[in-house]
Amino acid sequence: MSRWWRAILSFLFPALCPALLPALLWAQVQRFDFEGDQEVDREPEHWAKIVEPSQQYYSYTRTGISDQVSHLGQRSLHFSVLRGNIGYETRDYLKIDPDRSYVFEGWIKMAGLTHSQASFVLRLFEKEDPSSLVGEFSPPFTPAKEEPGGWKQYALMLNNIKSTVRFIKIRCLLKGGDIAGDCWFDEIVLVEQPRIMMESG
């Protein structure tokens, strides 16, 4: 849970012990901080490169795990740009409940890029099958969460999810015509919003 969300919950529920707050209220669906990827300059363990000719995801861009730049910890997913589009998607379909709400957070840093745009995309599926895609959402940049080191937070709340949706996949994308530059993705988190049960008198 980010410091931002922890502060909000502490304000809303001051009577709860801060140490117990995350366990009581939040269910983490998935977290990608790339700390488990020990091989620098290698492909990320839980991600697959997107290959979609119709979307023009082609590139000479070099990709891999960086131990030189990170938002927190020591590693991040790094794109060394050499023109073209590049994208990665989670290998696994992440299980979600359409009756619940979810919060997505992720961090992006770009350097030396003029025309290229980096983004996250959340893709909703009815089954563990690409053909069952029912919707896509791009979390917007959160202006208040830009840090001096160039890292920007992107966040989105998913609610009122279609009743047939059962899975989600996350994409890290970079599109544009820059011939040089760098882009990093880090601290990608999907958490389930708290469900607070009120006891009847």
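Reading the values: rules and limits
- Residues numbered from 1 in each chain as written.
- Predicted model: local features only at pLDDT ≥ 70, side-chain atom pairs only at ≥ 80, totals over all residues.
- Heavy atoms only, no water.
- Buried < 20%, exposed > 50% of the residue type's maximum accessible area, 1.4 Å probe, protein only.
- Helix = DSSP H or I, 4+ residues; strand = E, 2+ residues; numbered from the N terminus.
- Pairing = 2+ DSSP bridges.
- Phe/Tyr/Trp six-rings, centres within 6.5 Å; stacked < 30°, edge-to-face > 60°.
- pLDDT = per-residue confidence, 0-100.
- Contact = heavy atoms within 4.5 Å.
- Disulfide = S-S within 2.5 Å.

Caption draft 1: The pairing of strand 3 (residues 62–66), seen in detail. For strand 3, the tally of buried residues reaches 4 of 5 residues, placing the bulk of the element in the interior. One ladder, built from 5 bridges, connects strand 3 with strand 4 (residues 76–81); its direction is antiparallel. Bridge pairing in strand 4 places Arg62 opposite Ser80.

Caption draft 2: The arrangement of the packing of aromatic side chains in detail. In total, this model carries 10 aromatic pairs according to the counting rule given. Arranged with centres 4.9 Å apart and planes meeting at 65°, the rings of Phe32 and Trp47 form a pair that is edge-to-face. Residue Phe32 is found in strand 1 (residues 27–32), and its partner Trp47 is found in strand 2 (residues 47–49); the two are separated by 15 residues along the sequence. Here Phe32 matches Trp47 in class, with each residue buried. Chaining the aromatic ring pairs together yields one cluster made of Phe79, Tyr88, Phe104, Phe120, Phe141, Tyr154 and Phe185.

Caption draft 3: Spatial organisation of the confidence of the model for the chain. With 77% of its residues at a pLDDT of 70 or more, the chain has an overall mean of 80. A low-confidence stretch, residues 1–25 stays under pLDDT 50, and its non-local contacts, those more than four residues away or across chains, total 29 contacts. Here residues 197–201 is modelled with pLDDT under 50, and outside its nearest four sequence neighbours on either side it reaches 0 contacts, counting other chains as well.

Caption draft 4: Main features of the state of the cysteines. Applying the stated criterion across every chain, the model contains 0 disulfides. In this structure Cys172 is not part of a disulfide, and its nearest cysteine sulfur, from Cys183, lies 8.5 Å away. Under the relative-accessibility criterion, Cys172 is labelled buried at 0%.

Caption draft 5: Up close: unusual backbone geometry. One non-glycine residue with positive phi stands out, namely Asn160, at about 50°. Its place among the elements puts Asn160 in the loop between strand 11 (152–158) and strand 12 (167–175). Owing to a relative accessible area of 76%, Asn160 belongs among the exposed residues under this scheme.

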